[in-house]
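Overview (structure and organization)
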Amino acid sequence: MVAELSYGAALDRLRGAQKTAKGVSLYSRYVNRPLGRRLAAAAYRLRLTPNQVTLVSAVFSFAGVAAVAALPPSWPLALGVYATLVLGFALDSADGQLARLRGRSSPAGEWLDHAVDCAKITALHGAVLIAFYRHFELPAEGWLLVPLVFQLAAVLVFFGGLLTDKLRPRPAARGAGAPQAPPSRLRAVALLPVDYGVMCAVFLLLADERAFRLGYAALCCAYVAFCAAFSVKWFRELSAVNAESAARS
């Protein structure tokens, strides 16, 4: 029987088993992953499975989503929604880290993780639409379109990135001593507008209807711009892969 690791030993092992920071925003690199690492070590000591952590993540995330739709704007709502969404996001990182620690990664677990993520993204903007309709004094009905546009852009960014990663050929394995370029800090900063953690932070503005509307709309514009840029980039990358394959044959 394999001896259980202490919390500190589990945390140390997780520090040495992190995914690459390439293509990861500053928030996820320095806030969400470290917080998820601590939650993963705690879940390990509690003998939770990665799928159980995924479901706990869903409980916190959807509690925040439900609160957005059900309650009028206020400071308690803003703080509560932010706390539940951020904790749900950190647990979303913890489930994968726990799976690597236990050596129990599985296609079913990956499917559950992505299904919860997709549902969370879709439901969050749906909740904002409901909140706009029920609780906000909107200056024009056109504001009801903002959550729908945001939802479309967010789902396309999520699904497009996921599918591109699956379709893109795996890079050749590097030698053990081969140097690797450090991840770009500038890119990590540039990706902040499409980091889910930044979206969570926008809900801190829920205490003020106007501030939230403007902050949410500004982030929506950023998502639309990134969605367009990413779509062009991903299509070109996969088109180049197809051209290379045709040239070889």
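Residues numbered from 1 in each chain as written. Predicted model: local features only at pLDDT ≥ 70, side-chain atom pairs only at ≥ 80, totals over all residues. Heavy atoms only, no water.

This next bit is on the packing of helix 3 (residues 50-70) against helix 4 (residues 75-102). Running from amino to carboxyl end, helix 3 crosses helix 4 at an angle of 160 degrees, the nearest separation of the two axes being 8 Å. On the basis of their axis angle, the class for helix 3 and helix 4 is roughly antiparallel. Note that helix 3 runs across helix 4; the crossing there is left-handed. (Axes fitted to C-alpha atoms, helices over the stretch in contact; angles between N-to-C directions. Helix = DSSP H or I, 4+ residues; strand = E, 2+ residues; numbered from the N terminus. Parallel < 35°, antiparallel > 145°, perpendicular 65-115°, else oblique. Left-handed = near helix turned anticlockwise from the far one by under 90°.)

Moving on, we get to the confidence of the model for the protein chain. Per-residue pLDDT for the protein chain averages 89, and the proportion of residues at 70 or more is 90%. Every residue in residues 173-177 is under pLDDT 50, and counting partners more than four places away or in other chains gives 2 contacts. (pLDDT = per-residue confidence, 0-100. Contact = heavy atoms within 4.5 Å.)

For the rest of this paragraph, the subject is the pattern of salt bridges. Applying the stated criterion across every chain yields a total of 5 salt bridges. Two residues, Lys166 and Glu110, come together in a salt bridge whose shortest N-O distance is 2.8 Å. You can see Lys166 sitting in helix 6 (residues 145-167) and its partner Glu110 sitting in helix 5 (residues 107-135), a full 56 residues away along the chain. A salt bridge links Asp117 to Lys120; the shortest N-O distance between them is 3.6 Å. One end of the pair is Asp117 and the other is Lys120, both in helix 5 and 3 residues apart, which spans about a single turn. For the pair formed by Asp117 and Lys120, the shared burial category is buried. (Salt bridge = Lys/Arg side-chain N within 4 Å of Asp/Glu carboxyl O. Buried < 20%, exposed > 50% of the residue type's maximum accessible area, 1.4 Å probe, protein only.)

A few words now on the packing of aromatic side chains. Throughout the structure, instances matching the rule amount to 13 aromatic pairs. For the pair Phe150 and Tyr216, a centre-to-centre distance of 4.9 Å together with 45 degrees between the ring planes defines the contact as tilted. Here Tyr216 lies in helix 9 (residues 209-248) and Phe150 lies in helix 6, a separation of 66 residues in the sequence. The two residues Phe150 and Tyr216 agree in class, both being buried. Seen in terms of ring centroids, Phe203 and Phe212 are 5.3 Å apart; in terms of plane orientation they differ by 50 degrees. Their pairing is tilted. Pairwise contacts between aromatic rings join Phe132, Phe136, Trp143, Phe150, Phe203, Phe212, Tyr216 and Tyr223 into one cluster. The cationic tip of Lys120 hangs over the ring face of Tyr196; the distance from NZ or CZ to the ring centre is 4.5 Å. The residue whose ring lies beneath Arg213 is Trp143, and the NZ or CZ to ring-centre distance is 4.7 Å. (Phe/Tyr/Trp six-rings, centres within 6.5 Å; stacked < 30°, edge-to-face > 60°. Lys NZ or Arg CZ within 6 Å of the ring centre and 35° of its normal.)

Moving on, we come to helix 1 (residues 7-15). If you check which residues of helix 1 are buried, you get Ala10, Leu11 and Leu14. Seen from one end, helix 1 has its buried residues packed into an arc of 100 degrees, which puts them on one side. (Arc of directions from axis to C-beta.)

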